[in-house]
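Structural features, examined
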Amino acid sequence: MAKRKAPAKKKGGKRGSGAAAAGEPKSKAARKSAADKGGGAGDADAAVRSLATEVAAAFRAKHGTNAKARQEGYRVMDKCDEGGGVERTVWPWFLQRASASPGEASGELGEEAAFALAVLSNRRGRASSSGDGGDGGVGFVADDYDYSSSAGGASEENEGAPAAISPPTDATPKQRTMAFATVLKSLFQYQEKHAGGDRSDVKDAALTIATKTEVTKFLISCYSSMELRCKHSPEPLLEGPLADLVGVRLWDAVPRRKRHLELKRDGLLRKRYGLFDSRRKGEKNAGFLPGLVDTLLDSVSVLVGSSDGDAMNVEDARNTTHTSHLKGCVSKSLELLLDLMSHPRTRTHVAPYLSSVHLAVQLALSKLYRQKNGEDFVLFKQQVDMLLDSERMETSASAEVGTAAEAASKVFHERAHTLQKLLHRHHAEECAEVVFAGAGRVTDGRWMRKQIGLWKEETLYDTCYRLRLVDDDDESCGSTEASAQRLGCSRREFLSSILLYHTTSRRSDAETLSSAPLYPTERLLWDAHSVPPGNIAGNVHNGVEASLSLPKLNARFLSAGDYLLRNFRLFRLESAYEIRGDIVDVVRRMRPSLKSDQYDGDAAMADYYGGGQYLDDDANATEFKGWARMGLELGSKKREKPGLRLIRVDPPRLGERVPSAVVAEIVLDLHHCATSLAKEWDEVGEFDNLFLVSVDATKASGEAAPLMAGYEDKERRVPDEEDPSFPSRYGIQAVRGCMVLEVRDEAGTILSDPALEYQEGGRPETKGKLRYLRVALDAAQYALDATGRGSPLGVGVYDTFNLVARRHGRENNFKSVLETVRGLMRGGADSVYRSVPGWLLPLLLGSGGSDLGSVSSKAAAKTLDYGDTFVDIKHLRDSFPGCELVVDGREVAGDEEASAERKQYRARIIEQGGKGAKVKVEATSYSFSPGHPGNPVRFTPVQVSAVKSGLTPGLTTIIGPPGTGKTDVAVQIISCLYASYPTQRTVVVTHSNAALNDIFDKVVARGDVDERHVLRLGSGEKYLTAGSSSDHDFTKSGRVSHILSRRGQLLEKVQQLSEALGISTRAERGENGSPSYTCETAGYFHERQVKRRIDSFEAGVEDGAANVIDSFPFTKYFSDLKAGEDGMEPSLTLDEAHAKISEIQAVFAELEEYRPMELLRSQRQRTDYLLTKQARVVAMTCTHAAIARSRLVELGFHYDNVVVEEAGQMLDVETFVPLLLQRGTADDGDGDSLTDSSRLKRVVLIGDHNQLPPVVKNRSFATFSRYDQSMFARLVRLGGVPPIELNKQGRARPDIARLYSWRYDDLGDLEHVSTLDTFQKANAGLAHTYQLINVDDFEGRGESTPTAYFYQNVGEAEYAVALFQYMVLIGYPPAKISILTTYNGQKDLITDILAQRCGEGTPLVGMAPGAVSTVDQYQGQQNDYIILSLVRTKAVGHLRDVRRLVVAVSRARLGLYVLGRSGLFCGCHELRRTMDQFASRPTKLQLVKGEHYPTDRMVAEDGGVYEVNDVAELGALVHSMQQEVANK
């Protein structure tokens, strides 16, 4: 074990517990004053010294024992953090030194500055979610903030950094990396000097642990940001310095004999270590990790008092604050180790080191892990279990998931054989049972433990020694006796555990998941460690932030199995959190209580229930006195049937341990339900998920929820949804999930049968009020219950359920996603390696480069069909700037005029050799098909580049800032793929129904995609209003109906042709004059009659004949070829004749496609055929993709292209599932990298990672596990395939666009936003196109929270409604105005005030805005005028996330009026680039009185400005205007 150095004394005196040491500046003003003296580097050093010493002193005070000093420490820390101390003072200082000389930042000042940087970074990382996709506390490294813009000119309230600290604005990525490496070096030096206090002193010991924990937290943030890049930087900034810390140097800490063995096995590793060893100058430095491991083991031993440890006195652990710091240190250390083990680059050397020191074994042997009643240490146990799993995880990125278990088994079998050979050679007699046992026996943990128990301790040690697992003579790993003593176990137990861990295998992840329940139970739902509070602040105890035992989503993954397993666990836990909230709401509304002896209902109810007789007459039974829309009491109160009964339990499948199916029947009584509510319950159908709840009122405590931490004085209680004690308060005993198989009424009619919708007469009326639901229970959970591990009641728990809860459809897709992931883990034909092509999977896992995702030079030179992408030849010329353009063999000049006839184009791009040679574009034109209007959008060159990339095989990522035409690009790609590849199918996926319908509308409205080839899946099609000539919907059933109708129309044409040719007569028609032909007989008619006549005509006609009407066989069929009333004979050219023959041929060709519809009789068969054989553009949401995936795979559905819109708003796994909607091909691929094992050829992801991420309701998952990262943002962050960023917006006025354009690279404006009259005219009655309007406290009150996290601001709500009224009164259309806010509570308040101000009896009755919504819900939508309420007055809140700000200010086209506390939001560093623009305009609303909508005033013209002082004045103005309207 590494020896600790004696504590070093700080210069300047003894450490104090106050906010600042003597002689240290105590305020920001003092720091500013110190910085303002003189100039140059000395001033910069003084400013950094001032901030660093103040932060260090405040940190000491914050972690001291004096409560008053701790509060002062928090206050000072807040002031130091105010205004962005990291970004504006400390980091610029390091960056400036790195730009000059890296060594200049070393020394004591550099150490103190590095620690201040770490502390403030950790605070800012907790305060807000980074706008750069979760880069945590080190986002400042790649920050492009213009430091000089505010230096020296800021106000005292929010001062900027001294000018001397402003770094060079053109600092290179290399300089940033060098500066960061210096920070790390200085930080470890600070820790070494200042984290070794007197261990007999509780204060010093606590400060030591707190300092190390702070450094560990900073490292966690750093390693989570390893992929961080500067703009236009191809290489990550932090990866080099961070990987070096845990790189080859770690092998110095590996025991000597073990190191020699591993170096001998791995030649490449031996070469790297030799090179590293030759470069250092004799001094061995294994980095920070060995010290971290020592501190971790010491802290664990002290927490249980198992030894006196060399860390600190055992008595110190009794101090509550100190114990909290120890727990925080342990949890953060384990979190860092888990992070290092989960990243491919760091795991390479960390995993062998941890294995060599047996860290996981030691932690699992500790008393802290083994104690049974240690609720305080559940987190520790879960983290150790995660570390055990991580060490044994299969990490091969190339091995198939299904074979990972086989590979792991092979490794353990080889170890077993090695052990047997060793024992046979040295201990044959004593270990004969093991020597001659099979490998399966040796890898069986239970059997081996029994055998090892018979060995002598010397034999056990000798075996471990010879296997190079232990070495008592190696000082680097310590003796086994000392390690066992520290752990509180015997040496024999320690050695046995090491050997067992080395030789015995475990169940594979696929096997574990196959036997794991998919539905959450009561244990998981209210497990505060697995499903933590929704607010990350809930994980702070005694001022110490704890970790969570949750997996994290990294940018890179070890393997496909690692990716699937992490997403499976997080998706299940997030679903459990949402389900918990729904169940809590239902139970609370149902109001369970003890049942009374007698029924006190009315006579009619008593008669219905048989005179008041109940199934259970027990007076202590539970009854429900309330009602819930989403919940219903289980069972009927009649006597005939129980609420739930098991029907069958099927035996397990071969090789599995759980029943193949468990089916039950539940009874629902709708007699109590109103008609509308009963109708909702009748809509519960096949595959819907329900939850069964057992509530026992006799076991309900009835207590109130506990008080929230930190709000005891205000008596604010924990919300029921977050309260782990809710089950005990309400008597919840068990929760189980189930899936509906069928629904029957009292007459036995199967209400869930979809065929009922299409039978004659429509769906029959339901009979009675009872509903019998046959449901599939969770077989894995049933197996646990049957063995007593799931419930102490065994299977008897299913007799106790008395409540059923349902959920909304969109929220209920979790089971489908989990089943998909579990199926992919099994391997075989459904394996992820079969469903996803080989070229794509490495990119998705983060292990592939741009050579995999982009096309080769051969593919790049391939001709692509751009179709109608180009409006004219000038547009074609402009779309390839700087290129040599050749069209139809003729070079096109830049000034060439467009021809009158519009053409379509195919083009290929040729990279010409030679330095400075232009790229050549060869294009060929072809004519439009008749009736096709063509694409109306004049795409920009970047948009054309995006279309080109989307048409090229491979992965395409398109970043679409607000208003840049993402949807138009997606529609053009879909249209071109449809036209270019007639045999390919394209799947279109979006996050929301609104976005999908928008794409669908545009695809169908263009007219170049045949309606019969377009299909919309899911429930959102009911809202689809496709602007097509068809009266039919685009659902599967609607398309079938349309096809049958279209078939009738075509058969009528065949009948008319037959009659015109004299083959049949009208007398042969069917009833009501219907055609006598079918698709089959029409085919015979075509082959024997029509085709013969066409061949005769073609053979007899002469080339170049002017009039062929005499020989044309179908003259009587075409009305325009008959003689007119004037007696003139019609004429027909040969080309016209060919066109009419083609028209006839098209009828028969289309009928041939419909022929299977005559053979398939059921509706389901027809819809399945339509989906798998005819549809070429299939659209669905990501939710429906997860629900329908198993069915699509079963049908043999295949597709070639995937276009994903709103990819930035989808969870990683939600984007992944649409890539898996088809089964993989056979094992013997054709070798083509784009087709091998999968038909998928193109994946196009379109989104914007600078706008809001996916919605994750539990903020702990989003913040800690990074579960809110989308695959789109992850791929952009990795940069494996360079994204295409659209660079011209056409939505908003240029000045409004500038509010958010700084977040993007070179985002400009389309020409029309400056030239169109709409954008040049001013907003009527308003002096400015946008304003930030300061709203002071209204009636002495700003923000308020009636309930926890339910923020409201009455003043802003009144102001927003009054401004809306004013705009409507001067003529604005209400539909063109939307009112947005950042919180749901404010949205509800605004809705209530609108109902009052614009309700019955008011002059504005019926006037409603286009939308009243939150910013998050309004993403993807827009309106002409936006009124935005920011709500908060005490803290910035979640608007600090720049992504939310971008969404908020980019919704408006013509006018944006923001209501908020200007001083608060303008002082926020993250928002400064936008708020500075708002601050350049008055903070009081300025009107132009007497002006009405629309106005002729131009934006640049000044009107008579009237300034509104407050909401009361605006309200009075609106009231007077309303009076005038009323008088008129």
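Details of the structure are given in the entry above.
Residues numbered from 1 in each chain as written. Predicted model: local features only at pLDDT ≥ 70, side-chain atom pairs only at ≥ 80, totals over all residues. Heavy atoms only, no water.

Most often, soluble globular proteins keep nonpolar side chains buried together rather than apart. Of all hydrophobic cores here, the largest spans 132 residues; its most connected members are Val832, Phe1114 and Phe1216. With 16 residues, the top contributor of residues to this core is helix 26 (residues 560-590). (Core = buried A, V, L, I, M, F, W, Y, C linked by side-chain atoms within 4.5 Å. Buried < 20%, exposed > 50% of the residue type's maximum accessible area, 1.4 Å probe, protein only. Helix = DSSP H or I, 4+ residues; strand = E, 2+ residues; numbered from the N terminus.)

The next subject is the environment of arginine 75. Structurally, arginine 75 can be placed in helix 3 (residues 67-81). As a C-alpha pair, arginine 75 and lysine 62 span 13 residues in sequence and 9.3 Å in three-dimensional space.

What the rule picks out here adds up to 72 salt bridges. Its salt-bridge partner being aspartate 45, residue arginine 97 comes within 2.3 Å of it at the nearest N-O pair. Remark: aspartate 45 occurs in helix 2 (residues 41-62) and arginine 97 occurs in helix 4 (residues 85-100); sequence separation between them is 52 residues. Arginine 97 gets classed as buried once you look at its relative accessible area, which sits at 5%. For aspartate 1416, the salt bridge is made with arginine 1444, and the minimal N-O distance between the two is 2.9 Å. Here aspartate 1416, found in the loop between strand 30 (1411-1414) and strand 31 (1423-1429), pairs with arginine 1444, found in helix 53 (residues 1442-1449); they are 28 residues apart in sequence, far enough to count as distant. Within this structure, Asp585, Arg588, Arg589, Asp720, Glu721, Asp723 and Arg729 form a network of salt bridges that share partners. (Salt bridge = Lys/Arg side-chain N within 4 Å of Asp/Glu carboxyl O.)

Below, the discussion takes up the side chain of arginine 1189. Note that arginine 1189 resides in helix 44 (residues 1182-1195). A polar contact is formed between the side chain of arginine 1189 and the backbone oxygen of leucine 1220, at a distance of 2.7 Å. (Polar contact = N/O pair within 3.5 Å; in protein donor to acceptor, adjacent residues only side chain to side chain.)

Once that is clear, we can look at the packing of aromatic side chains. For the structure shown, the criterion picks out 30 aromatic pairs. Both rings, one in phenylalanine 1085 and one in phenylalanine 1148, keep their centres 6.1 Å apart while their planes meet at 50°; by these two values the pair is tilted. On the criterion of sequence distance, the pair formed by phenylalanine 1085 in helix 41 (residues 1079-1100) and phenylalanine 1148 in helix 42 (residues 1134-1159) is long-range, its members being 63 residues apart. Phenylalanine 1148 sits in the buried class, given a relative accessible area of 8%. (Phe/Tyr/Trp six-rings, centres within 6.5 Å; stacked < 30°, edge-to-face > 60°.)

Let us look at the sheet that holds strand 29 (residues 1377-1381). The parallel open sheet is built from five strands, whose spatial order is 26-32-31-29-30. On the outer flanks of this sheet lie strand 26 (1330-1334) and strand 30, each paired with one strand and no other. Sheet twist, expressed as the average angle between the axes of neighbouring strands with direction ignored, equals 20°. Here five bridges tie strand 26 to strand 32 (residues 1452-1460), and the two strands are oriented parallel to one another. For glutamine 1331, the partnering residue across the bridge sits in strand 32 and is tyrosine 1457. Contacts from helix 55 (residues 1472-1479) reach strand 26 and strand 32 within the one sheet, and its direction differs from that of strand 26 by about 90°. (Pairing = 2+ DSSP bridges. Axes fitted to C-alpha atoms, helices over the stretch in contact; angles between N-to-C directions. Contact = heavy atoms within 4.5 Å.)

Think of a sheet as strands paired side by side through backbone hydrogen bonds, with each pair either parallel or antiparallel. In space, the seven strands of this open sheet follow the order 19-20-18-21-22-17-23, with parallel pairing throughout. In the strand order of this sheet, the two ends are held by strand 19 (1014-1016) and strand 23 (1284-1285), each with one partner. Of the pairings in the sheet, the one linking strand 18 (residues 986-990) to strand 20 (residues 1177-1181) comprises five bridges and is parallel in character. The residue of strand 20 that forms the bridge with valine 987 is valine 1178.

Time to look at the packing of helix 11 (residues 289-304) against helix 13 (residues 344-356). Running from N to C, helix 11 and helix 13 cross one another at 40°; their axes reach a closest spacing of 12 Å. In this view, helix 11 runs oblique relative to helix 13, as classed from their interaxial angle. Crossing of helix 11 against helix 13: the hand is right-handed. Seen from helix 11, the contacting residues are Leu289, Pro290 and Val293; seen from helix 13, they are Val350, Tyr353 and Leu354. Among the residues forming the contact of helix 11 with helix 13, the class breakdown is six nonpolar, no polar and no charged. (Parallel < 35°, antiparallel > 145°, perpendicular 65-115°, else oblique. Left-handed = near helix turned anticlockwise from the far one by under 90°. Nonpolar A, V, L, I, M, F, W, Y, C, P; charged D, E, K, R; others polar.)

This part takes up unusual backbone geometry. Following tyrosine 1493, the chain continues into proline 1494 via a peptide bond in cis, with omega recorded as -10°. Along the chain, proline 1494 falls in the loop between strand 33 (1486-1488) and strand 34 (1505-1507). Residue arginine 468 is not a glycine yet carries a positive backbone phi of 60°. The residue arginine 468 is located in the loop between helix 21 (457-466) and helix 22 (480-487) in this model.

What follows concerns helix 56 (residues 1511-1527). Here helix 56 contains 17 residues, and its C-alpha end-to-end distance of 24 Å stays within 8% of the 24 Å for a straight helix at 1.5 Å per residue. With a side-chain oxygen positioned 3.3 Å from the backbone nitrogen of alanine 1512, the residue opening helix 56 is aspartate 1510. (Expected span 1.5 Å × (residues − 1).)

The element strand 7 (residues 661-669) is largely enclosed, with a buried count of nine among its nine residues. Of the two faces of strand 7, the one holding Ala661, Val663, Glu665, Val667 and Asp669 and the one holding Val662, Ala664, Ile666 and Leu668 are both buried throughout. Note that strand 6 (residues 644-650) and strand 7 share six bridges and pair antiparallel. Across the sheet, residue leucine 644 finds its bridge partner in strand 7, namely isoleucine 666.

For the rest of this paragraph, the subject is the pairing of strand 11 (residues 803-806). The two faces of strand 11 match: Leu803 and Ala805 on one face and Val804 and Arg806 on the other face are all buried. When strand 5 (residues 631-633) meets strand 11, the two strands line up antiparallel, connected through three bridges. Opposite leucine 632, over in strand 11, you have valine 804 as the bridge partner.

So, about the packing of helix 40 (residues 1036-1060) against helix 43 (residues 1163-1174). In contact at an axis separation of 9 Å, helix 40 and helix 43 are set at 90° when each is read in the N-to-C sense. Compared by their axis directions, helix 40 and helix 43 come out roughly perpendicular. Residues Lys1036, Ser1037, Arg1039, Val1040, Ile1043 and Leu1044 of helix 40 form the contact with helix 43, whose participating residues are Gln1163, Arg1166, Thr1167, Leu1170 and Gln1174.

Right, let's get into helix 43. Residues separated by three or four positions in an α-helix point in the same direction, a consequence of the helix having 3.6 residues per turn. Taking 1.5 Å per residue as the helical rise, helix 43 with its twelve residues ought to reach 16 Å, and the 15 Å between its terminal C-alpha atoms agrees with that figure. All buried positions along helix 43 are accounted for by Gln1163, Arg1166, Thr1167, Asp1168, Leu1170, Leu1171, Thr1172 and Gln1174. Each element contacted by the buried residues of helix 43 is listed here: strand 19, helix 40, helix 42, strand 20 and helix 44.

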